[in-house]
Amino acid sequence: MAEVLRIDGLTFAYSNGTAALADVNLSVREGETVAFIGANGAGKTTLFLYILGLLRKIPREVTVLGEALTSVEAVEAVRSRVGLVFQNPEDQLFCTTVFDDVAFGPINLGFDAETVKGRVTQALAAVGLEGFERRVPHHLSTGEQRRAALATIYAMRPEIMLLDEPTSNLDPRGKKEVTQLLKEFPGTKLIATHDYELVLTIADRVVLLHQGRIRANGSPEKILTDEALLQANDLEMPMVLRYFLALKNRAAAGNG
Ligand code: ADP
């Protein structure tokens, strides 16, 4: 599979001097789902914002879909092909109707009214919000807002989706629904998350960030069961895995 994202030696500090990313090197292949885990402040959100040129106008360490982002024009060109779903749906939904929010991207892509309408209908159906066109976004439940925010990005049919904590603040049913939606989305996905169930369900690979550095990059099973690695990076092994490993060890001891 082709490489769709590449980052070479990215170091970034905010203007107040806070170091946020240090020597990040990364390669993502077409169709991969990569989960970014890390304690709060590890640099996950910064990485996503950086990739889209939202922190530095020209993110020259980044190559997206074969385009090195060495000019403002190159950054603008990839923005229609890479969608960012913000951690807080309210940052994504700013219109007075769900229709207008979901139509916003396709209108900006220059589609005619008929195509825009079709894209909105399809995107809302994809996230299970059929018939929500006239609803007021800020009156929706958290789960509905989350799905509406996803629809605004689906409607543009991006080749790469960057999702910042897509299941945070959802109840267990809501988490399961969003996990399923993401599983069905066909493109390449980069997901920043603390939700290990989401990681184990849909990620092909895990990248562990700590204090702006990539500390591990490997299979979800390997990284999420490495207690020493997790603890050294201010993370904890998921309870369910701890329990599973304990059972497995007990069974092995019993057999031995
Ligand atoms: P994460 O998404 O993993 O929680 P962030 O990317 O939000 O981490 O933060 C990385 C570091 O950058 C943290 O030290 C955070 O305090 C800092 N940071 C984030 N946003 C800003 C900002 N706008 N200005 C200054 N520092 C920031």
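Residues numbered from 1 in each chain as written. Predicted model: local features only at pLDDT ≥ 70, side-chain atom pairs only at ≥ 80, totals over all residues. Heavy atoms only, no water.

Visitor: Would you take a moment to explain the pairing of strand S2 (residues 19-29) for this structure?
Guide: For a regular strand, the rule is simple: side chains alternate between the two faces of the sheet. Judged from the seven bridges that link them, strand S1 (residues 3-13) and S2 form a sheet pairing that is antiparallel. Directly across from Phe12, in S2, lies its bridge partner Leu21. (Pairing = 2+ DSSP bridges. Helix = DSSP H or I, 4+ residues; strand = E, 2+ residues; numbered from the N terminus.)

Visitor: Looking at this structure, how should I read the domain arrangement of the protein?
Guide: Reports of interface size often rely on the accessible area that becomes lost once the parts have come together. Domain boundaries assigned for the protein yield domain 1 (1-81 + 161-256) and domain 2 (82-157). One C-alpha centre belongs to domain 1, the other to domain 2, and the line joining them spans 24 Å. The partner domain 2 presents 17 residues to the 26 residues of domain 1 that form the contact. Interface area for domain 1 against domain 2, summed over the two sides, is near 1800 Å², with a carbon-plus-sulfur share of 65%. Across the contact surface, domain 1 and domain 2 share one salt bridge. Between Glu177 and Arg147 there is a salt bridge whose closest N-O contact spans 3.9 Å. (Domains from an automatic or database assignment. Contact = heavy atoms within 4.5 Å. Buried area = accessible area lost by both parts, 1.4 Å probe. Salt bridge = Lys/Arg side-chain N within 4 Å of Asp/Glu carboxyl O.)

Visitor: It is not clear to me how the packing of helix H5 (residues 142-154) against helix H6 (residues 172-184) should be interpreted in this structure. Could you clarify?
Guide: Two quantities define a packed helix pair, namely the angle between the axes and the distance from one axis to the other. Put simply, H5 and H6 touch, their axes get as near as 11 Å, and they point 10° apart. By the angle between their directions, the pair H5 and H6 is classed as roughly parallel. Seen from H5, the contacting residues are Arg146, Arg147, Leu150 and Tyr154; seen from H6, they are Glu177, Val178, Leu181 and Leu182. (Axes fitted to C-alpha atoms, helices over the stretch in contact; angles between N-to-C directions. Parallel < 35°, antiparallel > 145°, perpendicular 65-115°, else oblique.)

Visitor: Got a minute to help me understand the sheet that holds S1 in this structure?
Guide: Hydrogen bonds between backbone groups are what pair the strands of a sheet, and the pairing can be parallel or antiparallel. If you walk across this open sheet you meet the four strands as S2-S1-S4-S5, and the pairing is antiparallel. The sheet is open, and its two edges are formed by S2 and strand S5 (67-68), each paired on a single side. Across two bridges, the pairing between strand S4 (residues 62-64) and S5 is antiparallel. Paired with Val64 across the strands is Glu67, a residue of S5.

Visitor: Got a minute to help me understand the site of the ligand in this structure?
Guide: If you check the shell around the ligand, you find Tyr14, Asn16, Thr18, Ala20, Ala39, Asn40, Gly41, Ala42, Gly43, Lys44, Thr45 and Thr46 and nothing else. Lys44 is positioned such that a nitrogen or oxygen atom in its side chain is 2.8 Å from an oxygen atom of the ligand. Look at the ligand: alone it shows 560 Å² of surface, and the protein chains cover 64% of it. Top contributing element to the shell around the ligand by residue count: helix H1 (residues 44-51), with three residues. (Near = heavy atom within 4 Å. Polar contact = N/O pair within 3.5 Å; in protein donor to acceptor, adjacent residues only side chain to side chain. Areas by Shrake-Rupley, 256 points an atom, 1.4 Å probe, with all protein chains shown as cover.)

Visitor: Help me out: how do you make sense of the packing of aromatic side chains in this one?
Guide: Here a ring pair, both rings aromatic, is described through the centre-centre distance and the interplanar angle of the planes. Under the definition given, this model contains five aromatic pairs. Centre to centre, the rings of Phe94 and Phe104 are 5.2 Å apart; their planes meet at 90°, and the pair counts as edge-to-face. Of this pair, Phe94 sits in the loop between strand S6 (82-85) and helix H3 (98-108) while Phe104 sits in helix H3; the two residues are 10 residues apart in sequence, bridging distant segments of the chain. Given a relative accessible area of 52%, Phe94 falls into the exposed group. Members of the aromatic cluster, connected to one another through ring pairs, are Phe12, Tyr14 and Tyr50. Positioned over the ring face of Phe132 is Arg135, at 4.6 Å from the centre of the ring. (Phe/Tyr/Trp six-rings, centres within 6.5 Å; stacked < 30°, edge-to-face > 60°. Buried < 20%, exposed > 50% of the residue type's maximum accessible area, 1.4 Å probe, protein only. Lys NZ or Arg CZ within 6 Å of the ring centre and 35° of its normal.)

Visitor: Is there a simple way to think about the side chain of Asn233 in this case?
Guide: Of note, Asn233 is situated in the loop between helix H9 (227-232) and helix H10 (239-255). On the accessibility criterion, Asn233 (5% relative accessible area) is buried. A distance of 2.8 Å separates a polar atom in the side chain of Asn233 from the backbone oxygen of Leu229. Among all residues touching Asn233, those that are not within four sequence positions of it are Ala39, Leu208, His210 and Arg215.

Visitor: Which parts of the structure should I look at to understand H3?
Guide: Residues lying three or four places apart along an α-helix face the same way, a consequence of the helix completing one turn every 3.6 residues. When H3 is considered as a whole, its buried residues turn out to be Val98, Asp101, Val102, Ala103, Gly105 and Pro106. Packing partners of the buried residues in H3 comprise helix H4 (113-126) and H5. Phi turns positive, to about 90°, at Gly110, one or two residues after H3.

Visitor: Which parts of the structure should I look at to understand the packing of H3 against H4?
Guide: It is the contact of H3 with H4, at a shortest axis distance of 9 Å, that shows an interaxial angle of 120°. Between H3 and H4, the angle is such that the two are oblique. Read as a crossing pair, H3 and H4 show a hand that is right-handed. Counted together, Val98, Phe99, Val102, Ala103, Pro106 and Ile107 of H3 and Val116, Lys117, Arg119, Val120, Ala123 and Leu124 of H4 form the full contact between these two elements. In terms of residue class, the contact of H3 with H4 is built from 10 nonpolar, no polar and two charged. (Left-handed = near helix turned anticlockwise from the far one by under 90°. Nonpolar A, V, L, I, M, F, W, Y, C, P; charged D, E, K, R; others polar.)

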